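Fold and geometry: a report
Next come the chains, spelled out residue by residue.
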Amino acid sequence: MKEGEERPAHDHLEFRNNSFNGPFLGTGVQYNFTSIATEIEIPDPRRWEKVRAADQIAMGVHAARSLDGNISLPPYIWRDHDDLLEENVSQVNTQGGLLIAVGDSGAGKSRSLFSAMQRLLPRHRLLAPPHGANLQILPSHIQGYKGDCVIWLDDLEGYLGPQGLQPTVLTALANLRVPVLATMSDAMYEKLRPLAKNRAPAFLLGAPALAQVLDMALLIHIEREWTSAELERAAGCTDVRIQEALEHHGPYGLAEYLTAGPDLWSLWKGARRSTHSGGHPRGHAIIASAIAIARMGFLGPIPPGLLHEAHTHYLESSAHLAPESFESAMEWCKEFRYGATSLLVHGSPIAGWGWKAFPYLADRSDRSGTHDTPRGLWEVVLNHARTDRNRLLIGQAAYASGEHRIAGDAWTELAERGNPEAMFELGVMLADKGEEEQADAWFDKATDAFCTRATFTLDPFTASEQGIWLLQQRAEAGDSYAARELAHHFVSWGELAEGERYFRIAAERGDDVAANNLGMMLAARGEMADSEKWLRKADSGGIEAASHNLKQIQSFMKSRARRPGHSKESGPI
């Protein structure tokens, strides 16, 4: 649709594509998956390189194993998903929006998506910011630039912090017709999706930020295993690495084999034996600790000092293996192998920020379910946490693993410094232990703290019966913010009557976001006149999405009125 054209009236309004052109009120609980908070400068778009000139390996594509020492990528083999992938890339390029390629580490998701971008958007200016960059300034950076731009976010979880890809940023980029292309592992998506599912539908303003970002995205899954048609196409390639992979990949995907993932896994698993028989027990322990540290909520680059302290927990009762020195073990972990990669890789493009295990190792460890976490490691990791967000996440991971003392230590310090999320987590833990009086005290403090911080919502409260009860008390006492959060909760679980009731309570007390949402719910049920009333109220309160919604409702009502036998209240849209 061209700018300025009226949307034609239909018998159905597509809520999921509802336009949110203004700021969101209540952006949801912030999930910061980077452990280092820093301000990283984003250059002027005119200085960004063009997509066609970008180095795929530098952008996160795993290098392929080399037979002659030449570090380069083999020719791209067309995958069965590529037709749909190109359609999706074209769509977000035309309309703006977020496209996420999801798949196992080594499935080829970064290669597939980046190759599609180079085929379709070769002249676009490309930005691939490091984790921790402030994405809030992106729209204003791009606003005056006349050319075409694209944003590349490999491992999307590293960009979901308070200054990252918030719904407001994604909406502003979409309005500028700037596509955002991202990747995420299956394991990470499965960790994040439960935080976003069962939330309010995306057309409701103020829905949690993580839910909004995932709901606003197109998703394409990249399969790890190759189909017979894909293998047949690969057989027609003369590149020696492709031919070698076809001969030896066995049960693994071709891309998986090319990145040397299975060989690195075998190398690591076989290293826990005596140095006298060629083993590398300390090197094995370093990689095991790197995998565990990431799983424990420490999702940023791992400092060498933390690896040095943490890995010893995997060497208990291993004196008989005669472990090598730490320096020698680190060199073994960092050694470049198969012309592709190493067991331990840089955790950030910024030198010195730390390390992480090669993603394939962590991903396969998660899939196999065989990785254990020594109890003493929790305290070590918590002591090395460098941000409040890191401590909060470690506490959550510890509590989920039954390490309640560690969770309490992490949250108590934060709560006593005024962190509302930590206050709430402490309340839940104490309530689970039956310490109701102390739990209620922390719940009250958390509610007060949340209500004074505009960048947070009360969303964590809806995760427990105690939290819902507290919100109901607040809402009935006149707290419109609590009423709106309750409404989101009930609507997300299909309890529409309760959701509508609390949206009405909030709207009647002056909440214009709730007025917009109430109007849309009424429209969906066919109560057009009442819907128009609340949308007008939200529009007059400055909610830009309500202005768009009101035009749609009025256009729909005019269309219905022109039809014989139809009235303004003739049924749902």
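Residues numbered from 1 in each chain as written. Predicted model: local features only at pLDDT ≥ 70, side-chain atom pairs only at ≥ 80, totals over all residues. Heavy atoms only, no water.

1. Focus on the overall build of the chain
A tally of regular secondary structure across the chain gives 25 helices and eight strands. A burial count over the chain gives 57% of its 573 residues as buried. Summarising the internal contacts of the chain: among those between residues at least 6 apart in sequence, 71% fall at separations of at least 24. Total accessible area on the chain is roughly 24,400 Å²; 50% of this is exposed by carbon and sulfur atoms. (Helix = DSSP H or I, 4+ residues; strand = E, 2+ residues; numbered from the N terminus. Buried < 20%, exposed > 50% of the residue type's maximum accessible area, 1.4 Å probe, protein only. Contact = heavy atoms within 4.5 Å. Areas by Shrake-Rupley, 256 points an atom, 1.4 Å probe, with all protein chains shown as cover.)

2. Considering the sheet that holds strand S4 (residues 149-153)
Read across the sheet, six strands follow the order S1-S3-S4-S5-S2-S6 without closing on themselves; strand pairing throughout is mixed. Sheet topology places strand S1 (49-50) and strand S6 (217-221) at the edges, where each strand pairs with a single neighbour. Where S1 lies against strand S3 (residues 125-127), two bridges are found, and the strand directions are antiparallel. Opposite Glu49, over in S3, you have Leu126 as the bridge partner. (Pairing = 2+ DSSP bridges.)

3. A few points about the packing of helix H16 (residues 388-400) against helix H18 (residues 420-432)
How two helices sit against one another is set out by the angle between their axes and by the gap between those axes. In contact at an axis separation of 11 Å, H16 and H18 are set at 20° when each is read in the N-to-C sense. In terms of orientation, H16 lies roughly parallel with respect to H18. For the pair H16 and H18, the sense of crossing is left-handed. Contacts from Arg389, Leu392, Gln396 and Tyr399 in H16 reach Glu421, Ala422, Glu425, Val428, Met429 and Asp432 in H18. (Axes fitted to C-alpha atoms, helices over the stretch in contact; angles between N-to-C directions. Parallel < 35°, antiparallel > 145°, perpendicular 65-115°, else oblique. Left-handed = near helix turned anticlockwise from the far one by under 90°.)

4. Examining helix H4 (residues 167-175)
Of all the residues in H4, the buried ones are Pro167, Val169, Leu170, Thr171, Leu173 and Ala174. Once H4 finishes, Arg177 follows within two positions and takes phi at roughly 60°, a positive value.

5. A look at the side chain of Ser105
Considering the arrangement of structural elements, one finds Ser105 in the loop between strand S2 (97-103) and helix H2 (109-120). Among the residues examined, Ser105 registers a relative accessible area of 4% and is labelled buried. At a separation of 3.1 Å, a polar atom in the side chain of Ser105 contacts the main-chain amide nitrogen of Tyr360. Discounting chain neighbours no more than four positions away, the residues touching Ser105 are His62, Pro359, Tyr360 and Asp363. (Polar contact = N/O pair within 3.5 Å; in protein donor to acceptor, adjacent residues only side chain to side chain.)

6. As for the packing of aromatic side chains
Counted according to the given criterion, the structure contains five aromatic pairs. Considering the side-chain rings of Trp265 and Trp268, the 5.5 Å spacing of their centres and the 70° angle between planes classify their relative orientation as edge-to-face. Of this pair, Trp265 and Trp268 both sit in helix H10 (residues 261-269), three residues apart, roughly one helical turn. This pair shows no difference in class: Trp265 is buried, exactly as Trp268 is. On the basis of an interplanar angle of 50° and a centroid distance of 5.3 Å, the ring pair of Phe424 and Phe443 is categorised as tilted. (Phe/Tyr/Trp six-rings, centres within 6.5 Å; stacked < 30°, edge-to-face > 60°.)

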